[in-house]
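What follows is the residue order along each chain.
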Amino acid sequence: MSSATTVPSVSATYNFATINDVVDLTFNQLLGINNSNVMAGYYGSGADATHPNVGFLMTPPAYTTAPVNGNFPKAVQTQDICINNAGQYGGFYVDAAGATHGFVHTADGAFTAVDAPAPASMTQVLGLNDGGYAVGFFVGSDGNNYGFSYNIQMASFFNITPPGCTSTTATGTNNHGDVVGFCDTAAGTTVSWVANAGAFSTFSVPGANASMAFGVSNARQVVGSYVDAAGAEHGFVGTAAASGTGVAVDVATISTLDHPAAVGGTTLNGANDAGLVVGFYVDANGNTNGLLATPGGAGAVSVEGGTATVVTASMSATLTSASTGTKTATGSVASSASTAASSSSSSKSAAAPVKRRLDAPLACLLLFLTAMILAV
């Protein structure tokens, strides 16, 4: 895809793989990857009863074995969005009543529901580091997004509030305590931000109408998407570095990274310390496909076996989980993000125009999936 911005492209220096679950080839998103190259994501657009959101974990090296079922127990829809190096993962789910909750799946095999206290109307977990912190956002009574960092062990929330922002989404974190995300400003623009120890720095892709950072690795590679002046969506990669009392992204390090087969946009959501990047793109048929981009290639669309597209074996049809149990956390919200950031907190993202936020699942889908759950 051509871009109306002045941002250089590095797409020719990556190898790309399209990785989808065979259950639903019309809609797949890969959203998180750890240093073992295990990827978190989901299939199904959630648009109707035949395409529910179903979370999964995909494992290397070939990604052709059946994905691990990553659904929250008894949920009618689940999106797995982030995964750390211990194999813990998080995301959000929709219950039978239509409410959206964040969750983490911890090392002891238990799912923990993560709900910001009232008056929050929904909560999503979008990022997870190795230090016991998750990041995400909740929707307040005013309809705006509020970013947070969450201490998993203490079940405590910390607000993340970049100066000058009216609606904030925290989307990614790393082991340095860096947190990235995006926000709407009073001027009506959407900008990206990076924070550490309570110090914030905003940045935008040069020439873009909107910039959204979605992930940050321990190597401080930042990934996300932007909308160019022509209205097209592109993936981007950049680099964060220490700056003064915090961290910042030098816009000179930002480059476009688009899947070669994308005609409807590319979104990059996660990266590991080796520089492997995951996300999704829309192809010429209108299907949303998971992508894995590996640096050092020659621009060819390929994967280990030389195959352009990897279609995995089917997951189990059941929407219930083999988890050892569930827990619920609805801790209190602190007034500052500095405590969490200095203790290795982070963030991740999802909100309009991001495609993975669920606002109101259709009534027919809820009725259909509720009946399935009650029948098992």
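Structure shown above.
Let me sum up the structure you'll find in this document. (Residues numbered from 1 in each chain as written. Predicted model: local features only at pLDDT ≥ 70, side-chain atom pairs only at ≥ 80, totals over all residues. Heavy atoms only, no water.)

A word on the overall build of the protein chain. In terms of regular secondary structure, the protein chain is built from 2 helices and 28 strands. Going through the 376 residues of the protein chain one by one, you find that 58% of them count as buried. Counted over contacts in the protein chain with a minimum sequence separation of 6, partners at least 24 positions apart contribute 57%. (Helix = DSSP H or I, 4+ residues; strand = E, 2+ residues; numbered from the N terminus. Buried < 20%, exposed > 50% of the residue type's maximum accessible area, 1.4 Å probe, protein only. Contact = heavy atoms within 4.5 Å.)

This part is about the state of the cysteines. Should the sulfur atoms of two cysteines be covalently bonded, the bond is a disulfide. Inspection of the entire model under this criterion finds 1 disulfide. One disulfide bridge connects Cys165 with Cys183, the sulfur atoms lying 2.1 Å from each other. With Cys165 in strand E14 (residues 165-173) and Cys183 in strand E15 (residues 179-185), this pair connects stretches of sequence that are 18 residues apart. (Disulfide = S-S within 2.5 Å.)

Take empty space enclosed by the protein next. The rolling of a water-molecule-sized probe over the atoms marks out the regions of remaining empty space. In the structure shown here, the tally under the stated rule is 2 cavities of 30 Å³ or more. Estimated volume of the largest cavity: approximately 270 Å³. Where the lining of the largest cavity is concerned, the elements lending two or more residues are strand E2 (28-33), strand E6 (77-83), strand E10 (122-128), E14, strand E18 (210-216) and strand E23 (266-271). Partitioning the lining of the largest cavity into residue classes produces 6 nonpolar, 17 polar and 3 charged. (1 Å grid on protein atoms, 1.4 Å probe; cavity = no way out; pocket = protein on both sides within 12 Å on 5 of 7 lines; lining within 4 Å. Points joined across faces, edges and corners; volume = space filled by probe spheres on them. Nonpolar A, V, L, I, M, F, W, Y, C, P; charged D, E, K, R; others polar.)

With that settled, the discussion passes to the environment of Asp24. For Asp24, the location among the structural elements is in the loop between strand E1 (14-21) and E2. Along the chain, Asp24 and Asn53 lie 29 residues apart, while their C-alpha atoms are 10.0 Å from each other.

Strand order in this open sheet of 4 strands is E2-E3-E4-E5, and the pairing throughout is antiparallel. With partners counted over all chains shown, the strands left at the sheet margins are E2 and strand E5 (68-69), one partner each. With 5 bridges connecting them, E2 and strand E3 (residues 39-43) associate as antiparallel partners. Its bridge partner being in E3, Asn28 is matched across the sheet by Tyr43. (Pairing = 2+ DSSP bridges.)

With an omega dihedral of 15°, the bond running from Ala118 to Pro119 counts as a cis peptide bond. Within the secondary structure, Pro119 is located in the loop between strand E9 (110-114) and E10. Although it is not a glycine, Ala197 sits at a positive phi angle of roughly 55°. Note that Ala197 resides in the loop between strand E16 (190-196) and strand E17 (199-203). Of the residues examined, Ala197 reaches a relative accessible area of 39% and is grouped as partly exposed.

Before going further, it helps to examine the nonpolar core. Inside soluble globular proteins, nonpolar side chains tend to come together where they are buried. One finds Phe203, Val205, Val222, Phe236, Val249 and Ile254 to be the most contacted residues of the largest nonpolar core, which totals 15 residues. Elements with a minimum of two residues in this core: E18, strand E19 (221-227), strand E20 (233-243) and strand E21 (246-249). (Core = buried A, V, L, I, M, F, W, Y, C linked by side-chain atoms within 4.5 Å.)

Evaluation of the coordinates by the stated rule reveals 1 salt bridge. Residues Asp178 and Arg220 are paired through a salt bridge, measuring 2.6 Å at the closest nitrogen-oxygen approach. Note that Asp178 is positioned in the loop between E14 and E15 and Arg220 in the loop between E18 and E19, a separation of 42 residues in sequence. A relative accessible area of 0% places Asp178 in the buried class. (Salt bridge = Lys/Arg side-chain N within 4 Å of Asp/Glu carboxyl O.)

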